Amino acid sequence: MFYEDIQIVHTVQQIIEFVGTFAFAISGIRHAAAKHFDWFGGFVCGFAVAIGGGTIRDVMLGVTPFWMTSSLYIICTVLAQVFVIVFSRSLKRLDNAWFAFDTLGLALFTIAGLQKTLACGHPFWVAIIMGCITGAAGGVIRDVLLNNEPVIFHKEIYAMASILGGLVYWLLMYAGFSVGIVAVVTFVIICLVRFLAVKYHISLPILHGEEQE
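The name an unreviewed UniProt entry assigns to the protein is Glycine transporter domain-containing protein, from the organism Hoylesella oralis ATCC 33269. For the record of the protein, the UniProt heading Sequence similarities (unreviewed entry) holds the text "Belongs to the UPF0126 family." Under the UniProt heading Subcellular location (unreviewed entry), the entry covering the protein gives this text: "Cell membrane".

Here it is, written out as structure tokens:
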């Protein structure tokens, strides 16, 4: 039974990382297109976004970066690039398409980070931090490459949605729910928090420096 549980977690984690890679790659490529990058530049940006957070997580956990274990992650990025190229006109009409894909990537990679950290035997507080890094760091890398202000420094909720999702994941696992249910509920919570925060302009308090005389 224990072996079957490990296999289920591993399978769910792989599926989440594949779908998350696709979603984040689309987000990165869409942003690169807005900056008028060429196809290669778009691919580099999309791939960096897709693997950035997970790579930082795996290096900190002392394991082989996830994208180095299978070529499917590169293939996911190629498919994302093809998707953006083929449906570019449709996506242009959807002003918030990039936001949706970015949110999906945030939620999926947060869950992947949580699961992988726990599988490595670390406590839950470490898993929550790693989940946030996995979900949010890719967006930071994207914004740095595109010379934009990193989204986590905006007043809108971003990284906090990832942290809240980690807390929900922990509570549900503590309550004894199955991995599948926990992953789905956590995914929905992160997406809802992100969507509602942007829609209703919910944000954290802003720091104020010394007043200039």
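Looking at the nonpolar core
Grouped together as the largest cluster of nonpolar side chains are 41 residues, with contacts concentrated most on Ile 16, Phe 24, Tyr 158 and Tyr 169. For this core, the element with the highest residue contribution is helix α5 (residues 97–119), accounting for 8 residues. Each residue touching Tyr 169, except ones within four places of it in the same chain, is listed here: Ile 111, Leu 114, Gln 115, Leu 118, Phe 124, Val 179, Val 182 and Thr 186.

Focus on the packing of helix α2 (residues 39–61) against helix α3 (residues 72–86)
In the contact formed by α2 and α3, the axes pass within 10 Å of each other and the chain directions differ by 130°. Classified by the angle their axes make, α2 and α3 are oblique. As for how α2 packs across α3, the hand of that crossing is right-handed. Across from Trp 39, Gly 42, Phe 43, Gly 46 and Phe 47 in α2, the residues of α3 making contact are Tyr 73, Ile 74, Thr 77, Val 78, Gln 81 and Ile 85.

Description of the packing of α2 against helix α6 (residues 124–145)
At a minimum axis distance of 7 Å, the contact between α2 and α6 shows a crossing angle of 140°. When the axis of α2 is compared with that of α6, the two are oblique. Of the two possible hands of crossing, α2 and α6 adopt the one that is right-handed. Contacts from Cys 45, Ala 48, Val 49, Gly 52, Gly 53, Gly 54, Ile 56, Arg 57, Met 60 and Leu 61 in α2 reach Met 130, Ile 133, Thr 134, Ala 137, Gly 138, Ile 141, Arg 142 and Leu 145 in α6. Here the residues of the contact of α2 with α6 are counted per class, giving 11 nonpolar, 5 polar and 2 charged.

Thresholds, definitions, all that
- Residues numbered from 1 in each chain as written.
- Predicted model: local features only at pLDDT ≥ 70, side-chain atom pairs only at ≥ 80, totals over all residues.
- Heavy atoms only, no water.
- UniProt positions renumbered as here; feature names shortened; annotations may be inferred.
- Core = buried A, V, L, I, M, F, W, Y, C linked by side-chain atoms within 4.5 Å.
- Buried < 20%, exposed > 50% of the residue type's maximum accessible area, 1.4 Å probe, protein only.
- Helix = DSSP H or I, 4+ residues; strand = E, 2+ residues; numbered from the N terminus.
- Contact = heavy atoms within 4.5 Å.
- Axes fitted to C-alpha atoms, helices over the stretch in contact; angles between N-to-C directions.
- Parallel < 35°, antiparallel > 145°, perpendicular 65-115°, else oblique.
- Left-handed = near helix turned anticlockwise from the far one by under 90°.
- Nonpolar A, V, L, I, M, F, W, Y, C, P; charged D, E, K, R; others polar.

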